[in-house]
Amino acid sequence: MWLKPDENLLKNAFKLWVTEEDNEYFVLQRRRGYGEGGGGLTGLLVGTLDTVLDSTSKVAPYRILHHTPDSQVYWSIACGVTKEEITEHWEWLQQNIMRTLSVFDSSEDITSFVQGKIRGLIAEEGKASLVLEEDPEKFREALFKFEKWFELPPQEKLVTYYSCSYWRGKVPCQGWLYLSTNFLCFYSYLLGSELKLIISWDEVWRLEKTTNVILTESIHVQAHGENHYFSMLLHLNETFVIMEQLANYSIKRLFDKEDFQREPALSDPLKITKRGLEAHAKSEQFRIFFRLPKEENLLEVHESFLWVPFSHFNTLGKICLSENYLCFASQDGSQCHTIIPMREVINVEKSDPSSRALTVCMRGKRALRFSEVRDYQRLANSLRSRCGISASPQHSASSEVIRGECQSLINHFDDNPEDVTLMVGQKDSSKAVSTEALMMVFHPQDVENLDPKMLKEKMKEQSWNIHFSEYGRGTSMFFTRKTRDLIVRGVPEALRGELWMLFSGAVNDMATHPGYYTDLVEQSLGTSTLATDEIERDLHRSLPEHPAFQSDTGISALRRVLTAYAYRNPKIGYCQAMNILTSVLLLYAKEEEAFWLLVAICERMLPDYFNRRIIGALVDQAVFEDLIRENLPQLVEHMTDLCFFSSVSLSWFLTLFISVLPIESAVNVVDCFFYDGIKAILQLGLAVLDYNMEALISCHDDAEAVTILNKFFDSVTNKDSPLPPTVQQASVGSNDKASHVSVDISELIREAYEKYGHIRSEEVETSRKRNKLHVIQTLEDTTKQNVIRVVTQEVRFGASQLDEIYNLFKRQHFLCCYWRIQSPALLHHDPSLAYLDQYQLGFQQFSVLFSLLEPWAFCSPKSTLSLWVFRLIDENQDGLVNFKEFCYALDTLYGASFTNKLKFLFKLHLPPAFDLPEDGVIRKTPERGRGKVDLQAYLKQWQNEILKKEETIKDLPRINQSQFIHFSKTLYNIFHGDPEEEPLYRAVAHVTSLLLRMEEVGRRLQEPSSPPTSTNSQEAETDWSFSFEQVLASLLNEPTIVNFFERPVDLQTKLGQARVAQLKLKGNK
């Protein structure tokens, strides 16, 4: 490897380096302790120095120095791991540089020329791969060490590296931590003790920051049941964030492909960089906080002050700019933030250069004034550019009119900063939708009704109108603590749909996709899939007690929304609980609004909730358990196993308490959810458990605890609800109400915010990331245990051996996915299928793994024999082999009797394994995904397996001449390299000649008395075959062959060798 020229005083290195070759301008040296005569105390000390010191030239065992005769300064210009590598560099210098140097007169010119040439070579090498790295030269040196120490495939992309200590027991080992796209690696070498650690990210169960008495602060990684601790990191938080990003990246790409496909920035594993991961993490936090679409990325961040009219002062915060939104969030604890869609901006003016101020003018006579923006000129240009791009034709007007309107607004704003009305404006009511919210249709408000509940409802509306007049209304409204206080007290029925759209961000989705929902409804009309069948089944189970869903109006609207969403997102399709959520959305929002609210819930606010494995809900249950441990220690002391709360709370998360609370109370919970996200549900769950603490502690079993919680939910009421009794849900346990004091939902929510409002959304998101790894790995482990339980009944391997084979099988599936953007193998993993079919191998993957594990090393990865084995065990001929089929082949070769082993080899040379064309490996494309599972085919396959009879040797067809020749070659391949190779070869030759003589004798006995014609004679000479019984009988007479096949082979040794070699094979593509 060429190095950036660096000064080196040779006299200080005489004790560490030995000169191998030299000439007038260059010296080739070898590191002491390497090569001939290496080892001993010198080798130990040198190796330790090489690991601790941060310089590639000090680590590599070979190097080349440049010098001139009249100078004492040497320059390191190249290094190498092997003698061959450094010799190649040396020869290049001899051929390309030495002749040129004789032209120069001065030493300075020679050195300058050599340095320029070497820098040019380095620049050419790193032009493509290192251009995105922060420090290409240092990164290049780290990459050299990474490749040298871990010998991973060259495609593996190093992301970053850190110096740290790894704790082996209670002893810290100082070394280097390397984080690559697919692996976490650590290397340490101290006084002869070498430590290498390679963990693939898809095997990580836990990743968290920890502290204890010994380790002040460290990073804990759990994988393969082992705990690893890394400490003494200079930038521990930065390191942890990168590790977290890489682990989640791997999980998304390999296990959670539906979500990963929506993130094109991370699609190419060969282009992942530290800078890219950091930018992705910031964009993700930005989108979550401001509830923006997934297409938005954080482009610019500027510190500034924003004039807030309701407080009459400038508040410090950050301006966050994405492709289509300008957002501001305060940093002074006022919890104030606002979102401005670029489509609403009509102009940007630099109103006061001295204070570096900008005024953003919006439609509806609204304006925001930002001051003390450091790079305000750049921000103004960026905003103008983006607003010009995103401006829609219907809002275009002459520039003079717009500028005049904005200038008058700015002047008025400067003269009257207290004039709030100019800052906030009124609600934009330009959008018209063809349908109404179902609540307005089935329960229109009576304006003349003056009962106490309606009066209180009017007071709530008045409070919100006052809030709108102060803080704005619509997309650019200010969100503050006061907004949350109003939410906690309850949202008026008339404003619920509007506020849900605003708080969820669905209002922006709908505004940027006009006509999208109507088109979806038309396209999905009349489609018939598994999702539509499930939707039809659940339509009449959705709030059946509500009048809106006892009529065709409500049922039809529900059908259209659910079907349209299933058509939009076939990866999710339809899941139970979506019907309940959508029913409530339709009560308070128009049909198109309900659709976009459902999109916001399923794709942003509750990610991964609505799929077959409900991973998102399981993750939030794990977060809930952590919060119970932190906030309800008394309950934890009494109920050490918190799995009960996970099972009982599943419906709370999936339906946002709608399934357990009366509808008039549940909508208050939904209000809080749209404002605060899952944090509101977690807080309320803690409040429910806290309220019932004494009863839960005194209960004796889970059933009693469930009864206590059910009675509590039945007693929850909404005393302020203006809905008539016909709309409100009757409590299930109304007969027991006397024994249970009623609880008002507003009081319960207020108590949840008072006691548990300290829980921050950022903490919840961090906990989600931490627990997601454990949840997915637990599901994967459950899949593995189920597969092993099924396969154990079919093979002779023990459970521990099957466990190791499964890990190798699964890793082989992932290996070809590590370095490709769209690997075909990713299509072979479908968690919605039966356990055995979730992981399957194509031929290329199978051949590599089988060559590592088969007992006699007779199958090379690309041999025809591997193809025959693959075809033989691929019973359903779908071009894929599952774990059971793979284990059947290994079990036969390792543990079967001599007869069965021979029968397996014999069948390799019969159709369908033998005579299919080699390009026909995958004969049909297996159908994958929801809605494509043929249940009838599964049942038929299951029935055939039950009725399948044991195959006998008499059932096997005869083997013809060509097949027998290949069979003999296979035996020669199996015996090649064995200590008794010659006797085995002779035995095969003896059996072959014996069988041919037997066939000749049999043919003569069958010949008719009359002499055959020449044509018939030619056919007779070529048309001969053997039965399996003949082959078996002949081979049984050869003890050498029988002993070879009955000799036990140590599977455990093979498994150990396979674990080491699996990553290094070239066939993993």
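An unreviewed UniProt entry lists the protein chain under the name TBC1 domain family member 8B, with Pogonophryne albipinna given as the organism. As its UniProt record puts it under Function (unreviewed entry), the protein chain is described as follows: "Involved in vesicular recycling, probably as a RAB11B GTPase-activating protein." Regarding the protein chain, the relevant UniProt record gives this comment under Subunit (unreviewed entry): "Interacts (via domain Rab-GAP TBC) with RAB11B (in GTP-bound form)."

## Thoughts on the overall build of the protein chain
Within the protein chain, the secondary structure is distributed over 43 helices and 25 strands. Relative to its 1069 residues, the protein chain shows a buried fraction of 53%. Across the protein chain, contacts joining residues at least 24 apart in sequence account for 68% of those joining residues at least 6 apart. Carbon and sulfur atoms make up 52% of the accessible area of the protein chain, which totals about 49100 Å².

## Brief notes about the environment of Q845
Secondary-structure assignment places Q845 in helix α33 (residues 843-853). Residue class for Q845 comes out buried when judged on its relative accessible area of 6%. Note: C-alpha distance between Q845 and C816 (29 residues apart in sequence) is 7.5 Å.

## Re unusual backbone geometry
P911 connects to P912 through a cis peptide bond whose omega is 5 degrees. Relative to the elements of secondary structure, P912 occurs in the loop between α36 (898-908) and α37 (935-947). If you check the backbone angles, I614 has positive phi at about 35 degrees while not being a glycine. Structurally, I614 is set in the loop between α22 (591-605) and α23 (615-631). Looking at I614, the relative accessible area reads 21%, which means it is partly exposed. Backbone geometry places F657, a non-glycine residue, at a positive phi of 70 degrees. Of note, F657 is situated in the loop between α25 (643-655) and α26 (663-676).

## Observations concerning the sheet that holds strand β7 (residues 171-180)
What holds strands together in a sheet is hydrogen bonding between their backbones, with the strands either parallel or antiparallel. Strand order in the open sheet formed by 7 strands is β9-β8-β7-β6-β12-β11-β10, and the pairing between neighbours is antiparallel. Because the sheet does not close on itself, it has two edges, and the strands there are β9 (193-200) and β10 (204-210). Between one strand axis and the next, the sheet turns through 30 degrees on average, direction left out of account. Strand direction decides the pairing type here: strand β8 (residues 183-190) and β9, joined by 8 bridges, are antiparallel. Within β9, the residue paired with C185 across the bridge is I198. Together, β6 (158-168), β7, β8, β10 and β11 (218-223) form the strand contacts of helix α7 (residues 236-254), whose direction differs from that of β10 by roughly 165 degrees.

About the cut-offs
- Residues numbered from 1 in each chain as written.
- Predicted model: local features only at pLDDT ≥ 70, side-chain atom pairs only at ≥ 80, totals over all residues.
- Heavy atoms only, no water.
- UniProt positions renumbered as here; feature names shortened; annotations may be inferred.
- Helix = DSSP H or I, 4+ residues; strand = E, 2+ residues; numbered from the N terminus.
- Buried < 20%, exposed > 50% of the residue type's maximum accessible area, 1.4 Å probe, protein only.
- Contact = heavy atoms within 4.5 Å.
- Areas by Shrake-Rupley, 256 points an atom, 1.4 Å probe, with all protein chains shown as cover.
- Pairing = 2+ DSSP bridges.
- Axes fitted to C-alpha atoms, helices over the stretch in contact; angles between N-to-C directions.

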